[in-house]
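Chains, contacts and geometry: an overview
Next come the chains, spelled out residue by residue.
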Amino acid sequence: PAEVRRRVGEILLGRVLVGHALHNDLKALMLDHPRSMQRDTAKYPPFMRVTGQGKLRPRKLRDLAEERVGLTIQKEGEAHSSVDDAVAAMELYKSVRGAWELDSELNKRKN
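Residues numbered from 1 in each chain as written. Predicted model: local features only at pLDDT ≥ 70, side-chain atom pairs only at ≥ 80, totals over all residues. Heavy atoms only, no water.

**Some details on the overall build of the protein**
- Tallying secondary structure elements over the protein gives 4 helices and 4 strands in all.
- Ordered by position from N to C terminus, the α and β elements of the protein give α-β-α-β-β-β-α-α.
- Put simply, the protein has 111 residues, and 27% of those count as buried.
- Counting every atom, the protein has about 7,900 Å² of accessible surface; 52% of that belongs to carbon and sulfur.
- Taken as two groups, the 21 positive and 16 negative side-chain charges of the protein have centres that lie 6 Å from each other. (Helix = DSSP H or I, 4+ residues; strand = E, 2+ residues; numbered from the N terminus. Buried < 20%, exposed > 50% of the residue type's maximum accessible area, 1.4 Å probe, protein only. Areas by Shrake-Rupley, 256 points an atom, 1.4 Å probe, with all protein chains shown as cover. Lys, Arg positive; Asp, Glu negative; His and termini not counted. Charge placed at Lys NZ, Arg CZ, Asp CG, Glu CD.)

**Digging into the nonpolar core**
- Tyr-44, Phe-47, Leu-61, Leu-64, Ala-65, Ile-73, Ala-88, Leu-92, Tyr-93, Val-96 and Trp-100 together form the largest nonpolar core, which totals 11 residues.
- Among the secondary structure elements, those contributing two or more residues to this core are helix 3 (61–69) and helix 4 (82–110).
- The element best represented in this core is helix 4, accounting for 5 residues.
- Those residues within four positions of Phe-47 in sequence are excluded, and the remaining contacts are Thr-41, Arg-59, Leu-64, Arg-68, Leu-92, Ser-95, Val-96 and Trp-100. (Core = buried A, V, L, I, M, F, W, Y, C linked by side-chain atoms within 4.5 Å. Contact = heavy atoms within 4.5 Å.)

**Some words on helix 3**
- For helix 3, the set of buried residues is Leu-61, Leu-64 and Ala-65. End-on view of helix 3: buried residues confined to an arc of 100°, all on one side of the axis.
- Structurally, helix 3 contributes buried residues whose contacts are with helix 4.
- Positive backbone phi, approximately 70°, marks Gly-70, located one or two places after helix 3. (Arc of directions from axis to C-beta.)

**Some details on the packing of helix 3 against helix 4**
- Contact pair helix 3 / helix 4: the axes reach a minimum separation of 10 Å and the direction vectors enclose 45°. It follows from the interaxial angle that helix 3 and helix 4 lie oblique. Where helix 3 crosses over helix 4, the two elements pack in a sense that is left-handed. Where helix 3 abuts helix 4, its residues Leu-61, Leu-64, Ala-65, Arg-68 and Val-69 lie against Asp-85, Ala-88, Ala-89, Glu-91, Leu-92 and Ser-95.
- By residue class, the composition of the contact of helix 3 with helix 4 is 7 nonpolar, 1 polar and 3 charged. (Axes fitted to C-alpha atoms, helices over the stretch in contact; angles between N-to-C directions. Parallel < 35°, antiparallel > 145°, perpendicular 65-115°, else oblique. Left-handed = near helix turned anticlockwise from the far one by under 90°. Nonpolar A, V, L, I, M, F, W, Y, C, P; charged D, E, K, R; others polar.)

**Focus: the pattern of salt bridges**
- Scanning the model with the defined rule gives 8 salt bridges in all.
- Of the charged contacts, one joins Arg-6 and Glu-3 as a salt bridge, the two residues approaching to 2.5 Å between their closest N and O atoms. Here Arg-6 pairs with Glu-3, and both are found in helix 1 (residues 2–12), just 3 residues apart, close to one helical turn.
- Residue class for Arg-6 comes out partly exposed when judged on its relative accessible area of 41%.
- Given the relative accessible area of 48%, Glu-3 is considered partly exposed. (Salt bridge = Lys/Arg side-chain N within 4 Å of Asp/Glu carboxyl O.)

**Overview of the environment of Ser-95**
- Secondary-structure assignment places Ser-95 in helix 4.
- Judged by relative accessible area, which is 42%, Ser-95 ranks as partly exposed.
- Here the alpha-carbon distance between Ser-95 and Val-69, two residues 26 residues apart in the chain, equals 7.5 Å.
- In this structure, Ser-95 is in contact with Phe-47 and Val-69, ignoring residues within four places of it in sequence.

Structural measurements only, silent on function.
Structure, rendered in structure tokens:
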């Protein structure tokens, strides 16, 4: 496990990490990755839902993938596929990459 963590850490170094609810994956791997280098589809405001109190909450990857990019994943009664989830998160990111990167750049300049 330590060798795997080291290797994954090396692969991620200096790279943008795309996924959904990335904190779960990073926690499982016992890794940190700079927030500025994360593109988490669960935390991207245009992909989130607004509660009755006006707060933003994450949406399910399955619903986002179907609505935004026409992908059907996590079908009822079928095994969950981490590969399908990764493809869906990447397709979601690619569908809004320009706006997302502009937002990220503007946020870097503010901070």
